[in-house]
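The lines below spell out each chain.
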Amino acid sequence: MIDALYFSVVSVTSVGYGDFHPTHTITKVFTMLYILSGVGVLLYIVSSITHYIITRSERELEELEGNTLENTIKKLERVAKRLDRQHRKLQLKK
């Protein structure tokens with residue numbers, strides 16, 4: 001039973017059989033746990049990267065959705081007011 005499970009895990013994870021392989025039951029169990037934990041760590045890393053990318057994309061999309069024509073006009077009006085103030089300051093210095 002352990003042999004069948006061992007070869008299934010090794011085959012599914014595409015680790016391969018190699019020249020060196022465990023011959024005792026306990027080493028086969030250890031090897032299976034080691035392989036499966038390695039796959040688990042790899043899946044965790046991939047899922048973390050995927051989560052980061054999706055979260056960042058959602059944030060960027062929310063920012064883009066907030067950029068309506070009305071908001072853009074308001075921002076431009078604020079910039080125009082600041083430029084007017086700067087222009088007046090420069091006029092006073094002359």
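Residues numbered from 1 in each chain as written. Predicted model: local features only at pLDDT ≥ 70, side-chain atom pairs only at ≥ 80, totals over all residues. Heavy atoms only, no water.

Summing up its helical and strand segments, the protein has 3 helices and 0 strands in all. Taken from the N to the C terminus, the helices and strands of the protein come in the order α-α-α. The burial tally for the protein puts 9% of its 94 residues in the buried class. Entry remark: accessible area of the protein is about 8,500 Å², with carbon and sulfur atoms responsible for 65%. Once the 13 positive and 10 negative side-chain charges of the protein are each reduced to a mean point, those two points are 19 Å apart. (Helix = DSSP H or I, 4+ residues; strand = E, 2+ residues; numbered from the N terminus. Buried < 20%, exposed > 50% of the residue type's maximum accessible area, 1.4 Å probe, protein only. Areas by Shrake-Rupley, 256 points an atom, 1.4 Å probe, with all protein chains shown as cover. Lys, Arg positive; Asp, Glu negative; His and termini not counted. Charge placed at Lys NZ, Arg CZ, Asp CG, Glu CD.)

Here the focus is the packing of aromatic side chains. What the rule picks out here adds up to 1 aromatic pair. When the ring of F30 is compared with that of Y34, the centres are 5.9 Å apart and the planes differ by 20 degrees; the resulting orientation is stacked. Here the residue F30 and the residue Y34 both occupy positions in helix α2 (residues 25–66), the gap between them amounting to 4 residues, near one helical turn. Among the residues examined, F30 registers a relative accessible area of 55% and is labelled exposed. Residue Y34 is classed as exposed on the basis of its relative accessible area of 58%. (Phe/Tyr/Trp six-rings, centres within 6.5 Å; stacked < 30°, edge-to-face > 60°.)

Turning to helix α1 (residues 2–12), its buried residues number three or more, namely Y6, V9 and V10. Each buried residue of α1 sits inside an arc of 95 degrees when the element is viewed along its axis, so together they form one side. (Arc of directions from axis to C-beta.)

Another aspect to go through is α2. For α2, spanning 42 residues, the distance from its first C-alpha to its last is 61 Å, which sits close to the expected 62 Å at 1.5 Å a residue. Listed in full, the buried residues belonging to α2 are K28, M32 and I35. Looking at the buried positions of α2, the neighbouring elements they touch are α1. (Expected span 1.5 Å × (residues − 1). Contact = heavy atoms within 4.5 Å.)

So, about a positive patch on the surface. Positive charge collects at one region of the surface, where K74, K75, R78, K81, R82, R85, R88, K89 and K93 lie side by side. Counting through the fold element by element, R88 comes out in helix α3 (residues 69–93). Since its relative accessible area comes to 52%, R88 is described here as exposed. (Patch = residues over 30% accessible without salt bridge, like charges linked within 9 Å, V, L, I, M, F, W, Y side chains within 5 Å. Salt bridge = Lys/Arg side-chain N within 4 Å of Asp/Glu carboxyl O.)

Once that is clear, we can look at a nonpolar patch on the surface. Together, V41, Y44, I45, I49, Y52 and I53 make up an exposed nonpolar region whose accessible area comes to about 640 Å². By the secondary structure assignment, V41 is in helix α2.

Right, let's get into the environment of T25. On the secondary structure map, T25 appears in helix α2. Judged by its relative accessible area of 48%, T25 falls in the partly exposed class. Along the sequence, T25 and I2 sit 23 residues apart, while their C-alpha atoms lie 6.9 Å from each other.

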